[in-house]
Structure formats: structure tokens, C-alpha cells
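Chain by chain, the residues run as shown.
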Amino acid sequence: MASLVSRNANRLRHLQRCFHSPARLASPSPQLPGRSPPPLHSIEPLGRGVRNLKMCQRYCYLSTSAAAANAGNSDPKTGTEAHSSGEGKSEDSGQSSEAGKPVRGGPVSWISFLFLVATGAGLIFYYDREKKRHIEEINNSSKAVKEGPSAGKAAIGGPFSLVNDEGQCVTEKSFLGKWTLIYFGFTHCPDICPDELLKLAAAVDKIKEKAGIEIAPVFISVDPERDTVEQVHEYVKEFHPNLIGLTGTPDEIKKVARSYRVYYMKTDEEDSDYLVDHSIVMYLMGPDMNFVKFFGKNNDVNTLTDGIVSEIKRYKK
């Protein structure tokens, strides 16, 4: 009995070694000669162990086959190495793609710098030339205005029909072929009109002496209600024997004053003693009775004489 128990214990230890070392299970241990096999109830655990051993061998075989298949299909590098290798490849491909492109230069090259300098010089030259041209145009226009006839030539003067101090009807055509100097006033003027008419008469005589030019002096009344033909005749002869006095109806005076741009207005006074406010201007008309230049109250005899002579000489050129 003791020997049976000892044999069973040995068998169990052998089975345990077989589970821990599967290689030993491949060759079962030989039976001792002269000994009978163990009973059935003691062999049943051995059958279970064998089945378990076969299952372990099958699992080890499948695991080994799967590992071999994975080793044949995959790179021996690890995942981290593969990832880093992928990054390296992408970087290499990026570098190769960038290497295929032309390398751009700096923000400003020599060619662009020279082009910029040439453009700036061209703009400066163009601006300077346009500036000089504009200044020349201004100077030329100024000279043309100074040397040519006075502005407003076509706007001043026009046809008229009045009566002279001899009672004869005259028009603008009566003065064609003569240089004419016209002044607008009235015979009851206290001081301004006499002063201007004296200056006009002195200039006419001086122009004749200095340049030998005949000037026809003309006085046109802006007070038709009081300045009759007789009144005008007596008035003009006090200043110069050649001074021609003209008067007319209120409508005729209004028309000629409008054509010569002359302002006049009767002031409010009692009875028949009133004054007439009017423009203080002398108009120089050419031989064709076209306007040449006007002279204001600020001119004295000398400047009036020189101005008229200068305009006549320029007109003849």
C-alpha cells in the first residue's frame, strides 16, 4: 500500500514537471519491467493532463505561426521608429520638392533697385518739365493780356442815337475814323465833372502836341430832364472848343449808358435842385468805335496822356 501511494506521488510530480516543461511530455517515461500498470482511477488525471498539454501545444503553435507571419510582413523597426522614419521620409520628400523649386532672392534685388531709381528720376524730370511749362504758359498769357487790347472790348460800347449841342442827330457812326474820348456827367455837377472835363481837355491838347494825334472829346449827359441842347452847348464850350456835348430823351440816355456799362442815379432832393450819382470813367474808343481802354479818376493829366498815346501806338502795330 505504501509503495502504491509512493508510485502515485511520483507520477503526479512527473505530470507537474511535464506541465512546466512540455518538451518532456513528448517522450513518455518508460515503464519499469515487472511492474503492472496503474489502476484506471489513477490514470484519469493523466489523460486530462495530456489533453491540457495538447491544448497548450496547439496554442503555442498558433502563437508562433502568427508571430512568424507578422515578422515576415512587417518591417523589423518598431512603431516609434517607423513613425519617426515616416516623418523623416515626409521631411525628405518636402526637402526634395522644395529643392525642385527655384530659390527666391531677397526682397529687393539690384535690378528692382535700379528700376526704382530710374522711375523716381523719370518722375522728377517729368514734374520739373511740367512745372516749367506751366510757368511759361502763365507768363505768356500774362504778356498777351498786357500787350493786347483791354479785356471787355466787345462788352463796352454799341450803337446809339443822340442829339449834339448844335441840335443835330448823331450816332456812333458819326465818329468813325477818329480816336474818341467819352465822358458821362451832367451840367449841374458841382465839382467832379468840371475837374474831369478840365483834365480831359488838357490831355487832348497835350496828346496833339506830343504825338500829333487828333482826339475827339465827347461829353454825354446823364441828366436828360435838365440838360437841354442849349444847356449842354453853353456848358461844354467852357472847357474846350472841340468838346462835343450829347443829350437825348431818358430812354436814349438809358440805352447808351447801358451799352457803356455806366451807372447813374438821381438822388432824392426837393424841387429841381438834385444831384446825379454816376460813374467817373473816361472811355477811349478806336477809329472803328470799338472799346480800347478806360481811365479812372485816379489818373492825372500826364498819366492820362501817356496812357492814351501808348494805347494808340499799340493799336497801330
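Looking at an unreviewed UniProt entry, one finds the protein chain named Thioredoxin domain-containing protein, with Trapa natans as its source organism. UniProt annotates the protein chain under Sequence similarities (unreviewed entry) with the comment "Belongs to the SCO1/2 family." The annotation that UniProt attaches to the protein chain under Subcellular location (unreviewed entry) is "Mitochondrion inner membrane".

Here we take up the environment of Glu230. Among the structural elements, Glu230 can be located in helix α7 (residues 229-236). Between the C-alpha atoms of Glu230 and Asn164, which are 66 residues apart in sequence, the distance is 9.8 Å.

Going through the model one piece at a time under the given rule, you end up with eight salt bridges. A salt bridge links Lys237 to Asp165; the shortest N-O distance between them is 4.0 Å. Residue Lys237 is located in the loop between α7 and β5 (244-247), and its partner Asp165 is located in the loop between β1 (161-164) and β2 (169-171); the two are separated by 72 residues in the primary sequence. Measuring nitrogen to oxygen at the nearest pair gives 3.3 Å for the salt bridge that ties Glu311 to Arg314. Taken together, the residues Glu311 and Arg314, both in helix α9 (residues 301-316) and three residues apart, mark about one turn of the helix.

It is worth spelling out the packing of aromatic side chains at this point. Tallied over the full model, the rule gives seven aromatic pairs. Here the aromatic rings of Tyr283 and Phe291 are separated by 6.3 Å at their centres, their planes lie at 65°, and the arrangement is edge-to-face. Each member of the pair, Tyr283 as well as Phe291, carries the same accessibility label: buried. An aromatic cluster of three or more residues is present, and its members are Phe184, Tyr260, Tyr283 and Phe291. Positioned above the aromatic ring of Tyr274, the side-chain terminus of Arg226 is 3.6 Å from the ring centre. Positioned above the aromatic ring of Tyr274, the side-chain terminus of Lys266 is 4.9 Å from the ring centre.

Below, the discussion takes up the UniProt feature "binding site: Cu cation" (unreviewed entry) in the protein chain. With numbering matched to this structure, UniProt assigns "binding site: Cu cation" (unreviewed entry) to Cys189, Cys193 and His278. Considering the C-alpha atoms alone, the annotated residues occupy 90 residues of sequence yet fold into one spot, their largest mutual distance being 10.4 Å. Counting through the fold element by element, Cys189 comes out in the loop between β3 (179-185) and α6 (192-211). Accessibility expressed as a relative area gives 9% for Cys189, which makes it buried. In this structure His278 comes out as buried when scored by relative accessible area, which is 10%.

Okay, a nonpolar patch on the surface next. Together, Trp110, Phe113, Leu114 and Val117 make up an exposed nonpolar region whose accessible area comes to about 480 Å². For Phe113, the location among the structural elements is in helix α5 (residues 110-147). Exposure remark for Phe113: the relative accessible area of 40% places this residue in the partly exposed category.

Along the chain, Asp223 turns up in the loop between β4 (215-221) and α7. You can call Asp223 buried: its relative accessible area is 3%. Here the side chain of Asp223 touches Tyr274 through a polar contact of 2.7 Å, side chain to side chain. Those residues in contact with Asp223 that sit more than four places away from it in its chain are Phe186, His188, Tyr274 and Val276.

Further remarks concern the nonpolar core. Grouped together as the largest cluster of nonpolar side chains are 50 residues, with contacts concentrated most on Phe184, Ile215, Ile220, Tyr260, Tyr283 and Ile308. For this core, the secondary structure elements donating two or more residues are β3, α6, β4, α7, α8 (250-259), β8 (281-285), β9 (291-296) and α9. Among the elements that make up this core, the one with the highest residue count is α6 (six residues). In this view, Ile215 contacts Trp179, Leu181, Val204, Ile207, Ile308 and Ile312; residues no more than four positions away in its chain are not counted.

Conventions adopted
- Residues numbered from 1 in each chain as written.
- Predicted model: local features only at pLDDT ≥ 70, side-chain atom pairs only at ≥ 80, totals over all residues.
- Heavy atoms only, no water.
- UniProt positions renumbered as here; feature names shortened; annotations may be inferred.
- Helix = DSSP H or I, 4+ residues; strand = E, 2+ residues; numbered from the N terminus.
- Salt bridge = Lys/Arg side-chain N within 4 Å of Asp/Glu carboxyl O.
- Phe/Tyr/Trp six-rings, centres within 6.5 Å; stacked < 30°, edge-to-face > 60°.
- Buried < 20%, exposed > 50% of the residue type's maximum accessible area, 1.4 Å probe, protein only.
- Lys NZ or Arg CZ within 6 Å of the ring centre and 35° of its normal.
- Patch = residues over 30% accessible without salt bridge, like charges linked within 9 Å, V, L, I, M, F, W, Y side chains within 5 Å.
- Areas by Shrake-Rupley, 256 points an atom, 1.4 Å probe, with all protein chains shown as cover.
- Polar contact = N/O pair within 3.5 Å; in protein donor to acceptor, adjacent residues only side chain to side chain.
- Contact = heavy atoms within 4.5 Å.
- Core = buried A, V, L, I, M, F, W, Y, C linked by side-chain atoms within 4.5 Å.

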